[in-house]
Amino acid sequence: MKVLVANVSGNMGKTTIVKHLLCPRMQDAKVICLESINSGTDEIPSAIHMNAEDEFRNLVDVLAIEDDLIVDLGSSESKQMIRKLKEYESSIHDFDIIVVPVVPDHKAQEDTVTTILTLNSLGVQREKIFVLFNKIAVHQAGKVSDLFAPMIQSVRDMAIVDTNLSIFQYEIYDALKSEPTTVNDAARDNKDWKAVARNPQLESDERIDALQRNRNQKAAPAALRNLDSVFDLLVSY
Ligand SMILES: Nc1ncnc2c1ncn2[C@@H]1O[C@H](COP(=O)(O)OP(=O)(O)OP(=O)(O)O)[C@@H](O)[C@H]1O
Ligand SMILES: [Mg+2]
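Residues numbered from 1 in each chain as written. Chains lettered and ligands numbered in written order. Predicted model: local features only at pLDDT ≥ 70, side-chain atom pairs only at ≥ 80, totals over all residues.

### Topic: the site of ligand 1
We count it as follows: Nearness here has a simple definition: the residue's C-beta atom, placed using the backbone, must lie within 6 Å of the molecule or strand. Secondary structure elements are defined from DSSP: runs of H or I of at least 4 residues count as helices, runs of E of at least 2 residues count as strands, and each element is numbered from the N terminus. Residues are grouped as follows: Ala, Val, Leu, Ile, Met, Phe, Trp, Tyr, Cys and Pro are nonpolar; Asp, Glu, Lys and Arg are charged; all remaining types, including Gly, are polar.
For ligand 1, the set of nearby residues contains 17 residues, the closest of which are Gly10, Gly13, Thr15, Thr16 and Ser75. Those elements that place two or more of their residues in the shell around ligand 1 are α1 (14-22), β6 (129-136) and α7 (171-175). Among the elements that line the shell around ligand 1, the one with the most residues is α1, at 3 residues. In terms of residue class, the shell around ligand 1 is built from 4 nonpolar, 9 polar and 4 charged.

Given below as structure tokens:
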């Protein structure tokens, strides 16, 4: 399966989705981050970083060769990417799924409509484009259709819109942002970090780290269940 995660807007959770939702469940996939600034290098250590303007032909090659691929299109690269997708006309069709994350604010919803209109104008079929609702407050889980009503209305003929494709807003994503640890890793971590934190000989920064890891262990199961159900639904279409 070849997956593109894209939105013309930043801060939608594209990299978070690649790291925590896709990479752990597509372990054989090559991961490519398209971005001009080499940010997030520590987050996904296996990722290959490319710049859409000069290295797009390499992406076309990877799309030709690989069976499993995850591409994180950084918002700083989306203009160049769209230009290149027009130059290499059919390359967008090599992706099986295009995930378009969106968060609840107004601007994010407008930019998501723009993103989906662009994909539609590139000829991508509705069946391949999935809106992924991200940063949904748990108490608003039942209100996703209301929160995104105008956007849903505008894109439903061009993309799959299923409000069960919702990732909750959880602190663990920010807590793990600067390290390669995924929610899956944190859920598997059996070390007794409470005991570590209680060791009186510990330096204060080590205690802060142990307490953070204890919090990650506590937060991981709920986030993991959410990610598992979103991934299962995504691949069931
Ligand atoms: N479900 C979530 N709950 C809480 N925080 C989240 C969630 N998803 C993403 N975040 C946080 O939101 C911020 C932006 O996420 P991320 O870096 O993945 O966005 P992006 O779309 O890749 O942005 P850019 O286009 O600039 O690369 C990060 O700090 C991330 O930890
Ligand atoms: Mg990113």
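### Regarding the sheet that holds strand β1 (residues 2-5)
Cut-off, in case you're wondering: Strand pairing follows a simple DSSP-based rule, namely that at least 2 bridges must link the two strands. Here an axis means a line fitted to C-alpha atoms, over the contact stretch when the element is a helix, while the angle between two N-to-C directions is reported on a 0 to 180 degree scale. The contact criterion used here is simple: two residues whose C-beta atoms, placed from the backbone, lie within 7 Å are in contact.
One open sheet accounts for 7 strands, arranged β3-β2-β4-β1-β5-β6-β7; its pairing is parallel. Both outer strands of the open sheet, β3 (48-50) and β7 (166-168), are each paired with one neighbouring strand and no more. Across the sheet, the mean angle separating the axes of adjacent strands is 20 degrees when strand polarity is ignored. Across 5 bridges, the pairing between strand β5 (residues 97-102) and β6 is parallel. Note on β6: the bridge partner recorded for Val99 is Phe130. Along the sheet, α1 contacts β1, β2 (30-34), β4 (69-73), β5 and β6; its crossing angle with β4, the most-contacted strand, is approximately 160 degrees.

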